[in-house]
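# Results of the structural survey
Given next are the chains, with one letter for each unit.
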Amino acid sequence: FKFQIHIFKLLHSVQSFLSFSFYSFVFSFISLLLLMAEIDYRTFLLPDILTIPLLLLGIIAPNFGFGFISAYESSVGAAVGYFLPVIVSLLIVWKNKEAFGGGDIKLLSAVGAWLGIEGLLYVIITASILGLLYALIQKTKTLAFGPMIAIASIIIAFYFFRQSLLREQERILL
């Protein structure tokens, strides 16, 4: 994982250059998602040392005026992102003990904190479609779901963050 650590350090350096702005929060979101996707793809694990900071950043960002959702929507999104997969996983785990990992649940909670309930639901649907396509193409019954969540989150984030990015650009240019 030395390569991934060097990439993460490079991304952190770029983030430091961007200073404390909306862009640095979005950059952190995407960087952590990409790093977690790689780790989960290789190890089938999503480490708490990455999922918890992503969750905290998602809850903190709206309090500084970053993002497109309010602090309330962020908190509710985080809660729904946690409890919805827990309920679903209880039904799935009943039949297949290794169907859904705790890291996936924490990652969905973090995504809910960043994107709110609406974005979270789009992420779950998109990630499920991506996972299904991957499983059909690779002809496998097992897959790491974290990369699917990460890719779907980035896709949905670009859609939802677009308006916030345009407002930030206008603010910088004026």
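Residues numbered from 1 in each chain as written. Predicted model: local features only at pLDDT ≥ 70, side-chain atom pairs only at ≥ 80, totals over all residues. Heavy atoms only, no water.

The helix and strand inventory of the protein chain stands at six helices and zero strands. Relative to its full complement of 174 residues, the protein chain shows a buried share of 40%. By element, 70% of the accessible surface of the protein chain is carried by carbon and sulfur atoms, the whole surface being about 10,400 Å². (Helix = DSSP H or I, 4+ residues; strand = E, 2+ residues; numbered from the N terminus. Buried < 20%, exposed > 50% of the residue type's maximum accessible area, 1.4 Å probe, protein only. Areas by Shrake-Rupley, 256 points an atom, 1.4 Å probe, with all protein chains shown as cover.)

Let's shift gears to the nonpolar core. Side chains of a nonpolar character, in soluble globular proteins, are inclined to be buried together. With 36 residues, the main nonpolar core has Phe 29, Leu 33, Met 36, Leu 54, Leu 107 and Leu 115 as its most contacted residues. Contributing elements (two or more residues each) for this core: helix H2 (22–43), helix H3 (48–60), helix H5 (102–138) and helix H6 (146–173). Contact partners of Phe 29, with chain neighbours within four places excluded, come to Leu 54, Trp 114, Ser 153, Ala 157 and Phe 161. (Core = buried A, V, L, I, M, F, W, Y, C linked by side-chain atoms within 4.5 Å. Contact = heavy atoms within 4.5 Å.)

On to H5, then. Side chains that are three or four residues apart share a direction in an α-helix, a result of its 3.6 residues per turn. The end-to-end C-alpha separation of H5 is 24 Å, well short of the 54 Å expected for 37 residues at 1.5 Å each. Its axis deflected by about 125° at Gly 116, H5 carries its strongest bend there. Taken from the residues just after H5, Lys 139 is the one with a positive phi, measuring 55°. (Expected span 1.5 Å × (residues − 1). Bend = angle between axes of the 7 residues up to and from the residue.)

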